[in-house]
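Listed below are the residues making up each chain.
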Amino acid sequence: ECDDLESFFSTDYDTNGGLFGGHVGYNYQVGSAVLGIEASYSGSNVQGDGPAGLGLIVSQRELDWLATVTGRLGYAMGQSLVYVKGGVAWGDLNTDVRLGGISVLEGSETHVGWTAGLGFEHALTNNVTVRIEYAHIDLGSEDHTLKIQGTPVVNTEVEAEFDTLTLGVSYKF
């Protein structure tokens with residue numbers, strides 16, 4: 001492995017795409033106060049790319065999946081709930097370095113970080129709710145070992161953070 005090549009492959013570019021998944025959770029209400037815990041898992045098509053290495057090479061990053069476990073604290077107003085949330089986030093990030101469209105280096109790593117956000121949820125019936133939620137997710141920084149056909153070549157530091165806007169429907173049992 002040659003760590004001094006890291007700066008040659010450094011990239012800083014925007015990613016975009018969507019998350020598609022589900023969540024399970026439990027809420028406990030005392031008066032207007034609502035306390036809850038929630039776990040989510042989403043598949044992803046979030047990706048981005050940019051030039052690296054003298055502009056001859058393209059580096060692509062892709063988030064394969066995202067999982068969170070968060071606590072929720074809310075205030076109930078009739079059929080509606082306003083809440084804040086925070087907790088732990090995990091995500092699998094892939095790095096693919098291409099030369100002329102051909103993959104020459106690949107690596108992936110599962111990142112662990114944090115998430116915090118706020119949301120609004122409204123009960124349509126006793127069992128069905130709809131929500132809109134904003135969250136900031138910071139998956140921190142991890143070293144990705146980029147490989148050529150399984151042989152380690154270079155380590156590169158990958159940082160990932162992004163903002164999400166979630167629209168959701170929930171069924172309460």
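The structure presented is a predicted model; accordingly, all values stated were derived computationally and were not measured.

For this particular structure, what's the right way to read the packing of aromatic side chains?
A ring pair, where both rings are aromatic, is described by two values, the distance of the centres and the angle of the planes. Scanning the entire structure with this criterion turns up two aromatic pairs. Aromatic pair Tyr41 and Trp65: ring centres 6.0 Å apart, planes at 25 degrees, arrangement stacked. Remark: Trp65 occurs in strand S3 (residues 57-77) and Tyr41 occurs in strand S2 (residues 33-52); sequence separation between them is 24 residues. For Tyr41, a relative accessible area of 48% gives the class partly exposed. A ring pair is formed by Tyr171 and Phe173, whose centres lie 5.2 Å apart and whose planes are at 80 degrees; its orientation type is edge-to-face.

Please explain the environment of Asp96 as it appears in this structure.
With respect to the helices and strands, Asp96 occurs in strand S4 (residues 80-99). Judged by relative accessible area, which is 11%, Asp96 ranks as buried. For the pair Asp96 and Gly107, spaced eleven residues apart in the sequence, the C-alpha separation amounts to 6.7 Å. Contacts of Asp96, omitting those with residues within four sequence positions, involve Val58, Ser59, Gln60, Ser103, Leu105 and Glu106. Within polar-contact distance, the side chain of Asp96 engages the side chain of Arg98 at 2.9 Å.

What counts, and where the lines are drawn
Residues numbered from 1 in each chain as written. Predicted model: local features only at pLDDT ≥ 70, side-chain atom pairs only at ≥ 80, totals over all residues. Heavy atoms only, no water. Phe/Tyr/Trp six-rings, centres within 6.5 Å; stacked < 30°, edge-to-face > 60°. Helix = DSSP H or I, 4+ residues; strand = E, 2+ residues; numbered from the N terminus. Buried < 20%, exposed > 50% of the residue type's maximum accessible area, 1.4 Å probe, protein only. Contact = heavy atoms within 4.5 Å. Polar contact = N/O pair within 3.5 Å; in protein donor to acceptor, adjacent residues only side chain to side chain.

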